[in-house]
Amino acid sequence: MQNFQYCAPTEVVFGRDVENQIGGIAGKYGSKALLVYGKGSVVRSGLLGRVEASLSEAGVTFREFGGAQPNPTVAHAEQGVAEALAFGADLIIGVGGGSAIDTAKAIAHGAANPDEKLWDLWTKKVPLTKSLPVGAVLTMPAAGSEMSDSAVLTNEAIGKKSGINTGFNRCAFAIMNPALGATLPKYQLAAGVTDIMMHTMERYFIPGVRADLTDEIAEGLLRAVIKNGAAIVADPTDYDAMCEVFWASSLSHNNLTELGRGKDFSVHKLGHALSARYGVTHGASLAAVWGAWAMYLYAGCIPRFARYARRVWGVDSQDDTAAARLGIEKTVAFFRSIGMPGSLRELGVDSGDEALHALALDATMNDTLKLSRIRPLGAKEIEEIFRAAK
């Protein structure tokens, strides 16, 4: 087991109607809140009104800032920074899914560092040494941003999607009412289930490190997500199943499933390249390439893939290579069973030679970044994976 540090300081309030408690919770962290949300579903559902009523009752003033996009952008976050500064916000609250919460994190960083360009902070050209507290009211289980130390933005001006990991990304509090997931489109739920699984699998397929307890946690989480993820896609009103998936969303990406092993987000790099160029849903981009990625690399990590197949999917083959391949096949079949793509063609993006070459360069930062802890992959190898995913 490798050395690690772990701190997950987010105050979690979980269950039915807990959004009505936000005023008392938010008041511990600030008195002027900028409320960040997406295209208006939280307004139409009445959620934003309930949040605002609770804040008002607790004496926390607020200003609304809508328009967060599925792949949140630097330009929109910069507008939010201006709003936060004009309002004098000392607390940023994301109301929605990962996009609203990531946007809130970006606004918090920019507002705390008004003399710096947000993209410079994001790409670590300028060190991030302070931020404002961020809260989350989660409406969709997927990104895990409500408890993670990460956030992702797209710079549309240069066509790049990039993440930043920092302790300043940890939300001060997260309000999670799983009943809010009942109104989500099934496609979005399926994409969320895929993203949750991927957050854990990206930490799982790393050879040569023993971390038994972390493995048990990861495998149990994956089994729970597969079972309950299929249930909520079939019936989004299944509250108990939705609870399991909401909680898995948080635990899959708060670093718990990497302790003693670390992580390898190479599939996310491929997905980010697809989302940045084509605006596709994040979870769907991951599903489209995961099978090709796994088949390309599994031979260098057969014991891990075989264990995954047996512990997560119940594969009973005694031959490790056969078990590994069956686990990959069952995973791809599961993604398709919940309505996710298994190829670039199903994703509906350009899979011509020039397009695949450009994606590979994007994923590897113009071939300056090697991906995968199974074996290093440059732009040439990543292009081969994209080609296999056609």
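As shown above, the structure is provided for reference.
Residues numbered from 1 in each chain as written. Predicted model: local features only at pLDDT ≥ 70, side-chain atom pairs only at ≥ 80, totals over all residues. Heavy atoms only, no water.

**Overview of a nonpolar patch on the surface**
- Taken together, the side chains of Met1, Phe4 and Tyr6 present a nonpolar region at the surface, about 330 Å² in accessible area.
- Relative accessible area serves as the criterion here: at 43%, Phe4 is assigned to the partly exposed category. (Patch = residues over 30% accessible without salt bridge, like charges linked within 9 Å, V, L, I, M, F, W, Y side chains within 5 Å. Areas by Shrake-Rupley, 256 points an atom, 1.4 Å probe, with all protein chains shown as cover. Salt bridge = Lys/Arg side-chain N within 4 Å of Asp/Glu carboxyl O. Buried < 20%, exposed > 50% of the residue type's maximum accessible area, 1.4 Å probe, protein only.)

**Focus: the nonpolar core**
- With 109 residues, the main nonpolar core has Ile92, Trp290, Trp293, Phe305, Leu344 and Phe386 as its most contacted residues.
- Ranked by size, the runner-up nonpolar core spans 22 residues in total, among them Ala26, Val60, Val137 and Ile175. (Core = buried A, V, L, I, M, F, W, Y, C linked by side-chain atoms within 4.5 Å.)

**Focus: the sheet that holds strand β3 (residues 61–65)**
- One open sheet holds the six strands; their spatial order is β1-β8-β5-β4-β2-β3, and the pairing between them is parallel. Edge strands, defined here as strands with exactly one partner in the open sheet, are β1 (11–14) and β3. Strand-to-strand twist across the sheet, computed as the mean angle between neighbouring axes with direction ignored, equals 20°.
- Sheet analysis places strand β4 (residues 91–96) next to strand β5 (residues 134–138), joined by five bridges and oriented parallel. When the sheet's bridge partners are listed, Gly94 is paired in β5 with Ala136.
- Contacting β2 (32–36), β3, β4 and β5, helix α3 (residues 47–57) runs over the sheet at an angle of about 160° to β3.
- Most of the contacts of helix α9 (residues 239–252) go to β1, to which it runs at about 170°, and overall it touches β1, β5 and β8 (173–176). (Pairing = 2+ DSSP bridges. Helix = DSSP H or I, 4+ residues; strand = E, 2+ residues; numbered from the N terminus. Axes fitted to C-alpha atoms, helices over the stretch in contact; angles between N-to-C directions. Contact = heavy atoms within 4.5 Å.)

**Brief notes about the environment of Leu274**
- Along the chain, Leu274 turns up in helix α10 (residues 266–278).
- Relative accessible area serves as the criterion here: at 0%, Leu274 is assigned to the buried category.
- Taking C-alpha positions, Leu274 is 27 Å from Phe168, a pair spaced 106 residues apart along the chain.
- Contacts of Leu274, omitting those with residues within four sequence positions, involve Gly279, Val280, Ser285, Val289, Leu344, Leu347, Val349, Leu359 and Phe386.

**Re unusual backbone geometry**
- Notably, Lys124 is not glycine yet its phi reads approximately 65°, a positive angle.
- Following the sequence through the fold, Lys124 ends up in the loop between α6 (118–122) and β5.
- In this structure Lys124 comes out as exposed when scored by relative accessible area, which is 58%.
- With a phi close to 60°, Asn366 is a non-glycine residue in the positive phi region.

**Re helix α8 (residues 212–234)**
- Along its 23 residues, α8 runs 33 Å from first to last C-alpha, staying within 8% of the 33 Å computed at 1.5 Å per residue.
- By the burial criterion, the buried members of α8 are Thr214, Asp215, Ala218, Glu219, Leu221, Leu222, Val225, Ile226, Asn228, Gly229, Ile232 and Val233.
- Contact partners of the buried residues in α8: α7 (186–204), α9, α12 (302–313) and α13 (320–337). (Expected span 1.5 Å × (residues − 1).)

**Topic: the packing of α7 against α9**
- Running from N to C, α7 and α9 cross one another at 40°; their axes reach a closest spacing of 9 Å. The angle between α7 and α9 falls in the class oblique. Once α7 is placed against α9, the crossing between them reads as left-handed. Along its contact with α7, which presents Leu189, Val193, Ile196, His199, Thr200 and Arg203, the element α9 presents Met242, Val245, Ala248, Ser249 and Ser252. (Parallel < 35°, antiparallel > 145°, perpendicular 65-115°, else oblique. Left-handed = near helix turned anticlockwise from the far one by under 90°.)

**Details of the packing of aromatic side chains**
- Throughout the structure, instances matching the rule amount to 13 aromatic pairs.
- Here the aromatic rings of Phe14 and Trp247 are separated by 6.1 Å at their centres, their planes lie at 75°, and the arrangement is edge-to-face. Highlighted residues: Phe14 in strand β1 and Trp247 in helix α9, separated in sequence by 233 residues.
- Overall, the relative accessible area of 34% leaves Phe14 in the partly exposed class.
- Plain terms: the ring middles of Trp293 and Phe305 are 6.3 Å apart, the flat faces sit at 45° to each other, and that makes the pair tilted. Linking Trp293 in helix α11 (residues 282–297) with Phe305 in helix α12, this pair joins segments that are 12 residues apart in sequence. Each of the two residues, Trp293 as well as Phe305, counts as buried.
- The rings of Tyr204, Phe205, Trp290, Trp293, Phe305, Tyr308, Trp313, Phe334 and Phe335 are connected pair by pair, giving a single aromatic cluster. (Phe/Tyr/Trp six-rings, centres within 6.5 Å; stacked < 30°, edge-to-face > 60°.)

**Observations concerning α9**
- The terminal C-alpha atoms of α9 lie 20 Å apart, and with 14 residues this matches the ideal 20 Å at 1.5 Å per residue to within 8%.
- Taken together, the buried positions of α9 are occupied by Tyr239, Ala241, Met242, Cys243, Val245, Phe246, Ala248, Ser249, Ser250, Leu251 and Ser252.
- Close packing links the buried residues of α9 with β1, β5, β8, α7 and α8.

**Examining the pattern of salt bridges**
- Evaluated as defined, the whole model comprises 20 salt bridges.
- Note that Asp212 and Arg210 form a salt bridge whose closest N and O atoms lie 2.9 Å from each other.
- A salt bridge links Arg307 to Glu216; the shortest N-O distance between them is 4.0 Å. Taken as a pair, Arg307 in helix α12 and Glu216 in helix α8 lie far apart in primary sequence, 91 residues in all.
- Taken together, the shared-partner salt bridges in this structure form one network comprising Asp215, Glu216, Glu219, Arg261, Arg304, Arg307 and Arg311.

**Some points on the state of the cysteines**
- For the structure on display, the rule yields zero disulfides.
- Cys7 carries a free sulfur, and the closest cysteine sulfur to it, the one in Cys171, is 13 Å from it. (Disulfide = S-S within 2.5 Å.)

No statement about biological role is implied by the geometric values presented.
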